[in-house]
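Results of the structural survey
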Amino acid sequence: MNAPDTKRYFLLILILGLVTALSPFSIDMYLPAFPAIARDLHCPVSRVQLSLTSYFIGIALGQLAYGPLLDRFGRKKPLYIGLLIYVLASLGCSVTKSANMLIAMRLLQALGSCGGMVAARALVRDLFPVGEIAKVFSLLLLVIAVSPLVAPTVGSYVSAAFGWHAVFIILTAISVFILVASWLWLPEGRGPNTEHSLKPRPIVESFYSVFKHPQFYTYAITGGIASASQYAYLSGSSDVFIDVFHFSQHQYGWTFACIAAGLIGSSQINSLFLRRFTSQQIIKVAQAVQCLIGITLFVLTFYGWINAAGMIVLIFLFLSSQGFISPNASALSLTPFAHNAGTASALMGTLQMSIGACASAMVSVLNNGTALPMTGIMAACTVCALILLFTGSKRLAKITSYPDAVTMPSEH
């Protein structure tokens, strides 16, 4: 690869990463402000947590709409529309005066940001060879992982200095920058396809044709359940560290960043492992390790044998495992779909975020002033993911002569 190609490659990765990172940045940046938001809006923290749940629900539902639109009109027009919706919703969040209004605006904000998530994944499938997809997802995760490193810390200082409303003003500015960068430098990818109908029946049939593919449902649902454990952590971490362990907002922000470093490091080690091992091999080992850590974390919490330092270490290791699971699960889910990557990307994202929304809601509903709801949901998710992964892998081994191959036959 010559110098111009190298520069273009990394610019493309950077833009796709920024587009994808908008949503996690929207999640992480306001987490330290949960107690302040609750005081300002005169509601319990559990009510504020529902604004995170509504965000997950919005992402889950919105992706179903963006998938067919991306396949019908190309990748960039739906992306632009989503980013514009996000800008308006972020401004709405910055001026809200009630918890219900915040929950509603967060739902709308999610409906805008999920266009970027679907478009970015579809563009990866459009622009890169099949053998490079898992590596590209690992690089995207590096850009995305900047969010939990930077966002909570920035959010804690911004909310402390200027109030939590300023967090959403910053998110508005970030989304405008991403919109301009996408318009200037992001390739179109696969162009419009008039054969993709937007009528309800063909759309449902298209989603079903993707979902019934054994490789898709095995890895998309496994990845979704595993990711749900991360959303349980996101939903409960501020309450656990600030209210249970009595961290300050600044301490929580730095703790969150340190834990996220595990996700960054493992996602890049994953790229090195892919030179010697298949995605299937890596994800099996990583899921088993995460399951063991999750069970340990819950048992120690249940018996009261863990302090703040111990919880930080175990969650760090837990999320480090996720850095191996997510990129490989995404790559394996999308590999068979060359012609309707938008639909496949949307369905994968919807499944993952729907499960994540349920996990987040359960942490809020079960909130009892301890770390048990968060750690319990995290452990339950990773156990279920491990069971599904190994049962699904056995089924795949029976229907293909190449169970250890990175790909399965592409659709026709």
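Structure first, text after, so check above.
Note that this is a predicted model, so its numbers are computed, not measured. (Residues numbered from 1 in each chain as written. Predicted model: local features only at pLDDT ≥ 70, side-chain atom pairs only at ≥ 80, totals over all residues. Heavy atoms only, no water.)

Digging into the overall build of the protein
Within the protein one finds 15 helices and zero strands. Expected size for 412 residues packed as a compact globule is a radius of gyration near 22 Å; at 20 Å, the protein falls within 12% of this value. Burial status across the protein gives 58% buried among its 412 residues. Accessible surface, the protein: about 16,500 Å² in total, of which carbon and sulfur atoms supply 70%. Taking the average place of the 23 positive charges on the side chains of the protein and the average place of its 13 negative ones, the gap between the two points comes to 3 Å. (Helix = DSSP H or I, 4+ residues; strand = E, 2+ residues; numbered from the N terminus. Rg over C-alpha atoms; globule rule 2.2 N^0.38 Å. Buried < 20%, exposed > 50% of the residue type's maximum accessible area, 1.4 Å probe, protein only. Areas by Shrake-Rupley, 256 points an atom, 1.4 Å probe, with all protein chains shown as cover. Lys, Arg positive; Asp, Glu negative; His and termini not counted. Charge placed at Lys NZ, Arg CZ, Asp CG, Glu CD.)

Description of unusual backbone geometry
Glycine aside, the phi torsion of most residues is negative, and most peptide linkages are trans. Despite not being glycine, H42 shows a phi value in the positive range, around 55°. With respect to the secondary-structure elements, H42 resides in the loop between α2 (34-40) and α3 (45-73). Note on H42: relative accessible area 74%, which makes it exposed. Positive phi is not limited to glycine here, since H246 has a value of about 60°. The exposed category is assigned to H246, whose relative accessible area is 63%.

Details of empty space enclosed by the protein
To find leftover empty space, one rolls a probe the size of a water molecule over the atoms. Enumeration over the complete set of coordinates arrives at two cavities of 30 Å³ or more. The volume enclosed by the largest cavity comes to roughly 710 Å³. In this structure, the largest cavity is lined by 34 residues; those nearest its centre are L141, I144, Q230, Y231 and S326. Contributions of two or more residues to the lining of the largest cavity are made by α1 (3-28), α5 (99-127), α6 (133-144), α10 (214-244), α11 (249-273), α13 (308-334) and α14 (341-365). Among the residues making up the lining of the largest cavity, the classes are represented as 22 nonpolar, ten polar and two charged. Around the second largest cavity, the lining residues are Q49, G236, D239, V240, V363, N367, N368, G369, T370, P373 and M374. Of all elements in the fold, only α10 and α15 (372-399) reach the threshold of two or more residues within the lining of the second largest cavity. Top contributing element to the lining of the second largest cavity by residue count: α10, with three residues. A class-by-class count of the residues in the lining of the second largest cavity yields four nonpolar, six polar and one charged. (1 Å grid on protein atoms, 1.4 Å probe; cavity = no way out; pocket = protein on both sides within 12 Å on 5 of 7 lines; lining within 4 Å. Points joined across faces, edges and corners; volume = space filled by probe spheres on them. Nonpolar A, V, L, I, M, F, W, Y, C, P; charged D, E, K, R; others polar.)

A word on the packing of aromatic side chains
The description of an aromatic ring pair rests on the distance of the ring centres and on the angle between the ring planes. Tallied over the entire structure, the rule returns 16 aromatic pairs. An angle of 80° between the planes, with centres 4.9 Å apart, marks the rings of Y30 and F34 as edge-to-face. The exposure class assigned to F34 is buried, which follows from its relative accessible area of 0%. A centroid spacing of 5.4 Å and a plane angle of 40° characterise the contact between F241 and F247, whose relative ring orientation is tilted. Clustering of aromatic rings is evident, with ring pairs tying together Y233, F241, F245, F247, Y252 and F256. The ring of F73 is capped by R72, whose NZ or CZ atom sits 4.9 Å from the centre of that ring. Here the guanidinium or amino end of R106 rests over the ring plane of Y30, the centre of that ring lying 4.1 Å away. (Phe/Tyr/Trp six-rings, centres within 6.5 Å; stacked < 30°, edge-to-face > 60°. Lys NZ or Arg CZ within 6 Å of the ring centre and 35° of its normal.)

Considering α13
At 3.6 residues per turn, the α-helix brings residues three or four places apart onto the same side. Here α13 spans 39 Å end to end across 27 residues, near enough to the 39 Å set by a 1.5 Å rise per residue. The element α13 is extensively covered by neighbouring structure, given that 21 of its 27 residues are classed as buried. Its side-chain oxygen at 3.3 Å from the backbone nitrogen of A309, N307 defines the N-terminal cap of α13. (Expected span 1.5 Å × (residues − 1). Polar contact = N/O pair within 3.5 Å; in protein donor to acceptor, adjacent residues only side chain to side chain.)

Quick look at a nonpolar patch on the surface
A cluster of nonpolar residues, L11, L14, V176, V180, W183, L184 and W185, forms a patch on the protein surface that exposes about 690 Å² of accessible area. When contributions to the nonpolar patch are tallied by element, the ones reaching two or more residues are α1 and α8 (165-185). At five residues, the largest contribution of residues to the nonpolar patch is made by α8. By the element assignment, W185 lies in helix α8. (Patch = residues over 30% accessible without salt bridge, like charges linked within 9 Å, V, L, I, M, F, W, Y side chains within 5 Å. Salt bridge = Lys/Arg side-chain N within 4 Å of Asp/Glu carboxyl O.)

As for the side chain of S330
With respect to the element layout, S330 can be found in helix α13. Setting aside anything within four residues of it in sequence, one finds S330 in contact with F137 and M348. (Contact = heavy atoms within 4.5 Å.)

A short note on the packing of helix α12 (residues 279-302) against α13
Between α12 and α13, whose axes approach to 8 Å, the crossing angle comes to 150°. Classed by the angle they form, the pair α12 and α13 counts as roughly antiparallel. The chirality of how α12 crosses α13 is left-handed. Partitioning the contact of α12 with α13 into residue classes produces 16 nonpolar, ten polar and no charged. (Axes fitted to C-alpha atoms, helices over the stretch in contact; angles between N-to-C directions. Parallel < 35°, antiparallel > 145°, perpendicular 65-115°, else oblique. Left-handed = near helix turned anticlockwise from the far one by under 90°.)

Overview of the nonpolar core
Grouped together as the largest cluster of nonpolar side chains are 115 residues, with contacts concentrated most on L16, Y233, M311 and I315. Per-element accounting of this core gives the leading share, 13 residues, to α10. Contacts of M311, omitting those with residues within four sequence positions, involve V240, F241, F245, L297, T301, I306, A371, M374 and T375. (Core = buried A, V, L, I, M, F, W, Y, C linked by side-chain atoms within 4.5 Å.)

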